[in-house]
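# Chain and residue survey
Below are the chains, spelled out letter by letter.
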Amino acid sequence: MGVGESFANKKYRYIKREHGVRFQGNIPMSFNQGFALSANLGGAYAYNWKGYLEIGPYFNLNLEAGQTFELSSWSIGLLGEYNFIKNRGKRKFIPSLGLTVGADKSFDFPNLAMGVHSSLKIFVGKRTAFITSLGYSLHTPFNEIFRVMQHHVDVMMAFSYYFDFY
């Protein structure tokens, strides 16, 4: 086995997890209106910079429960997460702290949406992770910024797949 072959084998075994796509479900619990059954379904892309910082856009659809689940709003924004353990190689459990900033468009008015969350990435495969998260989010209308606010506690479950371009 030559030097080139040895390097190629090591490169194949080393997993960088440079890009990630995430599909998530979220159950927000509102402080302002009591408990209302709703769910958020969404997705995100994250670029994993040096294994510690993951940043990218996200998109969510908010469904409200009535006779059936109906679309009540959508949101789009930027997601950033700091991994306390480097997200590379064979690591199985990676705790992180994240921030979200974006716009939440209900059918009545647009909102500024900000949130903070802590999460645990549990890798069930080399590139596949199950993510559980608990967070807090704040929603405020753009026309009455920080005078009218809605507070939510968010419980999120996600499935994430990481990939690299070689």
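What counts and what doesn't
- Residues numbered from 1 in each chain as written.
- Predicted model: local features only at pLDDT ≥ 70, side-chain atom pairs only at ≥ 80, totals over all residues.
- Heavy atoms only, no water.
- Phe/Tyr/Trp six-rings, centres within 6.5 Å; stacked < 30°, edge-to-face > 60°.
- Buried < 20%, exposed > 50% of the residue type's maximum accessible area, 1.4 Å probe, protein only.
- Helix = DSSP H or I, 4+ residues; strand = E, 2+ residues; numbered from the N terminus.
- Lys NZ or Arg CZ within 6 Å of the ring centre and 35° of its normal.
- Pairing = 2+ DSSP bridges.
- Salt bridge = Lys/Arg side-chain N within 4 Å of Asp/Glu carboxyl O.
- 1 Å grid on protein atoms, 1.4 Å probe; cavity = no way out; pocket = protein on both sides within 12 Å on 5 of 7 lines; lining within 4 Å.
- Points joined across faces, edges and corners; volume = space filled by probe spheres on them.
- Nonpolar A, V, L, I, M, F, W, Y, C, P; charged D, E, K, R; others polar.
- Contact = heavy atoms within 4.5 Å.

Before going further, it helps to spend a moment on the packing of aromatic side chains. Counting across every chain of the model gives four aromatic pairs. Seen in terms of ring centroids, Y82 and F84 are 5.5 Å apart; in terms of plane orientation they differ by 85°. Their pairing is edge-to-face. A relative accessible area of 48% means that F84 is categorised as partly exposed. Aromatic pair F123 and Y162: ring centres 5.7 Å apart, planes at 40°, arrangement tilted. Note that F123 is positioned in strand β6 (residues 110–123) and Y162 in strand β8 (residues 150–163), a separation of 39 residues in sequence. We classify F123 as buried; its relative accessible area is 4%. Each member of the aromatic cluster is reached from another via a ring pair, and the members are Y52, Y82 and F84. The ring of F123 is capped by R17, whose NZ or CZ atom sits 3.6 Å from the centre of that ring.

Among the secondary structure elements, L112 is positioned in strand β6. Taking C-alpha positions, L112 is 9.5 Å from S75, a pair spaced 37 residues apart along the chain.

When β6 meets strand β7 (residues 128–141), the two strands line up antiparallel, connected through 13 bridges. Along β7, the bridge assignment pairs N111 with P141. Following β6, the chain reverses through four residues before pairing antiparallel with β7.

What follows deals with the pattern of salt bridges. Applying the stated criterion across every chain, the model contains four salt bridges. The partner of E54 in a salt bridge is K121, with the nearest N and O atoms 3.2 Å apart. Pair noted here: E54 is in strand β3 (residues 53–65) and K121 is in strand β6, with a separation of 67 residues, a long-range link. Side by side, E54 and K121 carry an identical accessibility label, which is buried. Of the charged contacts in the structure, one is a salt bridge between E81 and K121, with a shortest N-O distance of 2.9 Å.

As a further point, take unusual backbone geometry. You will see that K50, though not glycine, has its phi angle at about 60°, which is positive. By secondary structure assignment, the location of K50 is in the loop between β2 (38–49) and β3.

Another aspect to go through is empty space enclosed by the protein. Tallying each qualifying case throughout the model produces one cavity of 30 Å³ or more. Together, G20, R22, A44, Y45, A46, E54, L79, S160 and Y162 line the largest cavity. Broken down by element, the lining of the largest cavity gets its largest block of residues, three residues, from β2. Looking at the lining of the largest cavity residue by residue, the class counts come to five nonpolar, two polar and two charged.

The subject of this paragraph is the environment of L138. Relative to the assigned elements, L138 resides in strand β7. According to the relative accessible area criterion, L138 is buried, its value standing at 11%. The contact partners of L138, leaving out residues within four places of it in the chain, are L112, A113, M114, F146, M149, Q150 and H151.

By themselves, these figures tell us nothing about what the structure is for.
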